[in-house]
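# Report on the structure
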Amino acid sequence: MPSTLTYAEARGRVLAAVRPLPPERIPVGEARGRALRQNIVAAHPLPPFRNSSMDGVAVCSADLADATDSTPAFITVVEVLPAGRTTSRALAGGEAIRIMTGAMIPDGADAVVPVEDLETLPGSPERVRIRRPAPPGQNFREAGRDLAAGDPVLGEGRELSAHDLGLLASLGEAHVLVGRPPVVAAFSTGDELLDAGAPLVPGAIRDGNLPMLAALLEECGARVARAARLPDDPVKVTEALGRALSSADVVLTIGGVSAGDFDPVKQSIGELESVELWRVAMKPGRPQAFGTPSGRLFFGLPGNPASVACVFEAFVRPALRKLQGFAQLERPHVAVQVAEAIPSRAGRTDLVRVTLARRDQRWWAAPAGDQVSGHLTPQSRAHALLIVPEERESLAVGDGADAILLRWPETGER
C-alpha cells in the first residue's frame, strides 16, 4: 500500500535523503553556474596598488593649490607612464608624470589631473598649464578600496555568475572547488508514445514529457547521460533501471506509478531496495515513487505533463541543487494577489500554473488555463506556480499568495 504523505512531509523526506556529491576543482573560466564548494577570501588587496582612474598627469596637489584661470600653474612633465609599467622616480616640486588609466601612481603624487584639463605650451610639449586646483585623491583608485587582503569574498554554496568569475580571476584564483554535476538517467514509459517527428496513429501520442524533463534537468545543472523511452514491459523496465542505477547518480521515470493494471514502473520497483510508492497530498502529482537504491536517488514521476513539471519543481529540482552543494535550493518566490478565484480542497497542497501581470505596484496571478494535468499549454504559458496551502479550501480574488517564479513576464515592471 503506497504511503500517504503531506506535501511538506514528502519534501522533507526527499531532502533528508540527499547528500552533496564530492566536489571537483576546475578552471575558473569553466565555473559559471556551478555551486561554489569553498569559502573565498581575498589573498591580496583589490586593487593591489594605487592607480589612476583616467588618462592625465599625476601631480602633487600642493603645486596646484592656487591655480586659477588668471594665474595658472605651470608643471613640467618628466616621464610618461603607461599601464603595466612602474617608475622608481618620485615627483619633485613642479613636476608631473603623464599617466594612463590603470597605471601605478608614482611616489610624491597625490592627484591626477585629467587630460582634458591640460594645456600644452606651444613649442614645449613637456610643459603644461593647469587652471584649477586638484584636491588630494582626485582620480585615484586606492589599494584595497574594493577589497582588503583577508576580506571575505564569496561564500560556499553560491551559484557562480560570470561576474564572480571575473572577481575570482582578479584575485588569482585560477581554479576553484565546485559541485560536480549529477549524472542523470531519465526514462519515459508507455507503448502509446511516439517520437516528436513521428506521424500520429490512432491511440498514440507524441512524447513531450521526456524532452521537457531532459531540459529541466540540464537547466538546473545536471548532466543527462541517458534520456530514453521504455516499453510497457516490466522485465525490460527492470533491466534498464538496474543498468542506470549502476552508473547514474539520479534515475527518473515518467509514468507507471499509479494504480493502473499496466504500470510497469510500479511492478519494477518491487525489485529495487529502499524505494517506496507514495501518495502525496498535492495536485497535480499525487502518485509518486521515491527512494535511494544503492545510495542513488530514484524518482518515479507521474505520467501527465503538468504532474511531471510540478513534481520536478517541488521535489526533484531542490534535490539536484542540494546534490551539487547550492545553498539556495528553491527558485525565487514572489508574493502575488489572486486575480481570479481558485478552488481547492482542504488537506491538499495545490500548485496552480499562473500568468503574472503588474498592476497597482503588485503582481496579480491568474490561472494560465484549465488546470488539467494532461494539458501542456498552461505550463508553456505559466510564469509561476501559485501555491494553495493545504489548510485552504479556495483562494478568493484579492487574496495574497506565494508563487514559485518560473520566469518573468516578457514585458512589464518588476
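For the structure itself, look to the data block above.
Residues numbered from 1 in each chain as written. Predicted model: local features only at pLDDT ≥ 70, side-chain atom pairs only at ≥ 80, totals over all residues. Heavy atoms only, no water.

### Description of the sheet that holds strand β9 (residues 119-121)
What counts here: In short, DSSP must find at least two bridges between two strands for them to pair. Put simply, DSSP marks the helices as runs of H or I at least four residues long and the strands as runs of E at least two long, and each gets a number from the N terminus on. Note on geometry: axes are C-alpha line fits, over the in-contact stretch for helices, and angles between N-to-C directions span 0 to 180 degrees.
Read from one edge to the other, the open sheet built from six strands follows the order β8-β5-β7-β6-β10-β9, with strand pairing classed as mixed. Bordering the open sheet on either side are β8 (111-114) and β9, each of which pairs with just one other strand. Direction aside, neighbouring strands of the sheet carry axes that sit 40° apart on average. Pairing of β9 with strand β10 (residues 124-130), which is carried by three bridges, proceeds in the antiparallel orientation. Directly across from Leu121, in β10, lies its bridge partner Ser124.

### Observations concerning the pairing of strand β21 (residues 297-301)
To keep it simple, the criterion reads: Each residue's exposure class comes from its accessible area (1.4 Å probe, protein chains only) as a fraction of the maximum for that residue type: buried when under 20%, exposed when over 50%, partly exposed otherwise.
Counting buried positions along β21 gives five out of five residues, so the element sits mostly inside the fold. On β21, burial covers both faces: Leu297, Phe299 and Leu301 on one face and Phe298 and Gly300 on the other are all buried. Two strands pair when backbone bridges link them, and strand β18 (residues 250-254) and β21 are joined in this way by five bridges, in the parallel orientation. When the bridges of β21 are listed, Ile254 appears paired with Leu301. Note: strand β20 (residues 287-291) against β21, three bridges, orientation antiparallel. Considered in β21, the bridge of Ala289 is made with Gly300. Counting the residues between successive antiparallel strands, the hairpin from β20 to β21 contains five residues, one of them, Ser294, with a positive phi of roughly 55°.

### Regarding the pattern of salt bridges
Rule in force here: Any carboxyl oxygen of Asp or Glu that lies within 4 Å of a side-chain nitrogen of Lys or Arg is treated as forming a salt bridge with it.
Taken as a whole and assessed by the stated rule, the structure comprises 18 salt bridges. For Arg180, the salt bridge goes to Asp249, with nearest N and O atoms at 3.0 Å. Linking Arg180 in the loop between β13 (175-178) and β14 (183-189) with Asp249 in the loop between α4 (234-245) and β18, this pair joins segments that are 69 residues apart in sequence. When its relative accessible area of 24% is taken as the criterion, Arg180 is described as partly exposed. You can call Asp249 buried: its relative accessible area is 11%.

### Observations regarding the layout of surface pockets
To be explicit about the condition: Only protein atoms enter the 1 Å grid used here, on which a cavity is any set of points holding a 1.4 Å probe that cannot leave and a pocket is any open set flanked by protein within 12 Å on both sides along at least five of seven lines; residues with an atom within 4 Å of a point are listed as lining. Grid points are joined across faces, edges and corners, and a volume is the space filled by probe spheres set on the points.
Roughly 500 Å³ of internal volume is contained in the largest pocket. Along the wall of the largest pocket there are 34 residues; nearest its centre are Met282, Lys283, Pro284, Arg348 and Asp350. Looking at the lining of the largest pocket, the elements that each hand over two or more residues are β19 (275-283), α6 (305-324), β23 (342-343) and β24 (349-359). Considering each element in turn, the lining of the largest pocket owes the most residues, five residues, to β19. Each pocket or cavity is described by its volume, and for the second largest pocket that value is around 400 Å³. Lining the second largest pocket are 22 residues, with Glu192, Leu193, Ile205, Asn209 and Gly303 positioned closest to its centre.

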